[in-house]
Amino acid sequence: MSFDAVPFDAEQAQALARKTFEIEAAAVLGLAGRVGPEFAQAVQLMLACRGRVVVMGMGKSGHIGRKIAATLASTGTPAMFVHPAEASHGDLGMVTAADVVLAISNSGETAELTEVLPVLIRQGVPLVAITGGMQSALARQARVTLDSSVAQEACPLNLAPTASTTAQLAMGDALAVALLDARGFREEDFARSHPGGALGRKLLTHVSDVMRSGEQVPQVSPDSSFSELMREMSSKGLGASAVVDDRRHVLGIFTDGDLRRLVEKGTDLRNSKAGEVMHANPRTLRASALAVEAVALMEQHRITSVLVVDEAGVLCGALNLNDLMRAKVI
């Protein structure tokens, strides 16, 4: 396919971009005035759904439908996308009477979609429609119809789905937001469905997941010589060492920072014992704490290492800022 070449007009391109934003913004804002009881009914149907919200749409509406299904699924509402054309050739078996179908079509007359509606209705599947055709076949057969009509497309020819698909997407987002609120969906729930993301790492990573344990944890007794303390710190590479009693209860900590401060004071450390130079009653964390709590503790007290203890105050681990950075918590 070829088109007649026309000189590129930079100002025209910028003007069309601004016009597109204006038209699509107006399309979305226009939805707000149409939110009424039917929107709440749609939310209630999906909230009471014992199966999945099955999203259907053809063409550009199908692309929007896939995104809406993904948003619903990631915010606490089990959902999937089923292609209407494939539904007519067997995929309709994926839909059960326990599901709710969310059908999207700007005209409401999409043949591939309207063909499967009678089957869904006979099965007793509740049907929610997002359409700009309020008198269409889709609107007439839906239990709840949400009006996504727009005054015009952003396309200069008023043909390509632009403002209409933006309105569909916004309506889908509104449903997802209302549903997550009604379910009491929290940050922790979001993190569980996004374990690979930054939020997932922050809300799902515990101190026990990133801390050093066993022989990796530097520790000496209070009677250890200063040279023994230095060897332990150097060999374990934490930048600090715990000072523990014979039952491994934490008595104190000695850090690189403590060493610098003592050297600056001119303290003779050659005959010092670990118990004499340690910082008593150090900040500690439980292994069950979130890793972000370790970050907050370090930032609040301007420290770079923290010891991990159990309920009895027995040393069980240690970590520093580098450990948290490697885990991508910070």
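The coordinates are above.
Notes on the structure follow. Since we're looking at a predicted model, the values are computed, not measured.

The next subject is the sheet that holds strand β3 (residues 100-105). One open sheet holds the five strands; their spatial order is β2-β1-β3-β4-β5, and the pairing between them is parallel. Bordering the open sheet on either side are β2 (79-81) and β5 (144-147), each of which pairs with just one other strand. Sheet twist, expressed as the average angle between the axes of neighbouring strands with direction ignored, equals 20°. Note: strand β1 (residues 53-57) against β2, three bridges, orientation parallel. Of the residues in β2, the one forming a bridge with V53 is A79. Seen against the sheet, helix α3 (residues 59-74) touches β1, β2 and β3 and runs at an angle of roughly 160° to β2.

Another aspect to go through is the packing of aromatic side chains. Under the definition given, this model contains one aromatic pair. Each ring, one from F226 and one from F254, has its centre 5.9 Å from the other, and the planes form 85°; the classification is edge-to-face. Here F254 lies in strand β8 (residues 250-255) and F226 lies in helix α12 (residues 226-236), a separation of 28 residues in the sequence. According to the relative accessible area criterion, F254 is buried, its value standing at 0%.

Contact geometry of α3 with helix α8 (residues 163-182) gives a least axis separation of 10 Å together with a crossing angle of 15°. With respect to each other, α3 and α8 are oriented roughly parallel. The crossing of α3 and α8 is right-handed. Contacts between α3 and α8 involve K60, S61, I64, K67, I68, T71 and L72 from the former and T165, Q168, L169, G172, D173, A176 and L179 from the latter. In the contact of α3 with α8, the residues fall into six nonpolar, five polar and three charged.

In this approach a probe as big as a water molecule rolls over the atoms, and the regions it shows empty are the leftover space. As enumerated under the stated definition, the model contains one cavity of 30 Å³ or more in all. Approximately 50 Å³ is the volume attributed to the largest cavity. Surrounding the largest cavity, L31, R34, V35, G36, E38, F39, L146, D147 and M171 form its lining. Along the lines of polarity and charge, the residues of the lining of the largest cavity split into five nonpolar, one polar and three charged.

Glancing now at the sheet that holds strand β12 (residues 315-320). A sheet is described by the order of its strands in space; here three strands give the open sequence β10-β11-β12, paired in mixed fashion. The open sheet has two edge strands, β10 (284-285) and β12, and neither has a second partner. As judged from the two bridges shared by β10 and strand β11 (residues 305-309), these two strands associate in the parallel manner. Within β11, the residue paired with L285 across the bridge is V308.

Moving on, we come to the pattern of salt bridges. On inspection of all chains with the given rule, the structure shows seven salt bridges. One salt bridge in this structure joins D258 and R261, with 2.8 Å as the shortest N-O distance. You can see D258 and its partner R261 sitting in helix α13 (residues 256-265), three residues apart, about one turn around the helix. The buried category is assigned to D258, whose relative accessible area is 13%. A salt bridge links R326 to D323, with the shortest nitrogen-to-oxygen separation between them at 2.4 Å. With R326 and D323 both in helix α16 (residues 321-326), this residue pair falls three residues apart, about one helical turn. Residue classification places R326 among the exposed residues on the basis of a relative accessible area of 58%. Here D323 falls in the buried class, since its relative accessible area comes to 6%. Overlapping salt bridges bring together R212, D323 and R326 as one network.

Attention now moves to the layout of surface pockets. Its boundaries defined by the atoms lining it, the largest pocket holds a volume of some 430 Å³. What lines the largest pocket is a set of 21 residues, and nearest its centre among them are T255, D258, R261, R302 and I303. Looking at the lining of the largest pocket, the elements with two or more residues in it are β8, α13 and β11. Ranked by residue count, the leading element in the lining of the largest pocket is α13, at five residues. Looking at side-chain class alone, the lining of the largest pocket contains seven nonpolar, eight polar and six charged residues.

What counts and how
- Residues numbered from 1 in each chain as written.
- Predicted model: local features only at pLDDT ≥ 70, side-chain atom pairs only at ≥ 80, totals over all residues.
- Heavy atoms only, no water.
- Pairing = 2+ DSSP bridges.
- Helix = DSSP H or I, 4+ residues; strand = E, 2+ residues; numbered from the N terminus.
- Axes fitted to C-alpha atoms, helices over the stretch in contact; angles between N-to-C directions.
- Contact = heavy atoms within 4.5 Å.
- Phe/Tyr/Trp six-rings, centres within 6.5 Å; stacked < 30°, edge-to-face > 60°.
- Buried < 20%, exposed > 50% of the residue type's maximum accessible area, 1.4 Å probe, protein only.
- Parallel < 35°, antiparallel > 145°, perpendicular 65-115°, else oblique.
- Left-handed = near helix turned anticlockwise from the far one by under 90°.
- Nonpolar A, V, L, I, M, F, W, Y, C, P; charged D, E, K, R; others polar.
- 1 Å grid on protein atoms, 1.4 Å probe; cavity = no way out; pocket = protein on both sides within 12 Å on 5 of 7 lines; lining within 4 Å.
- Points joined across faces, edges and corners; volume = space filled by probe spheres on them.
- Salt bridge = Lys/Arg side-chain N within 4 Å of Asp/Glu carboxyl O.

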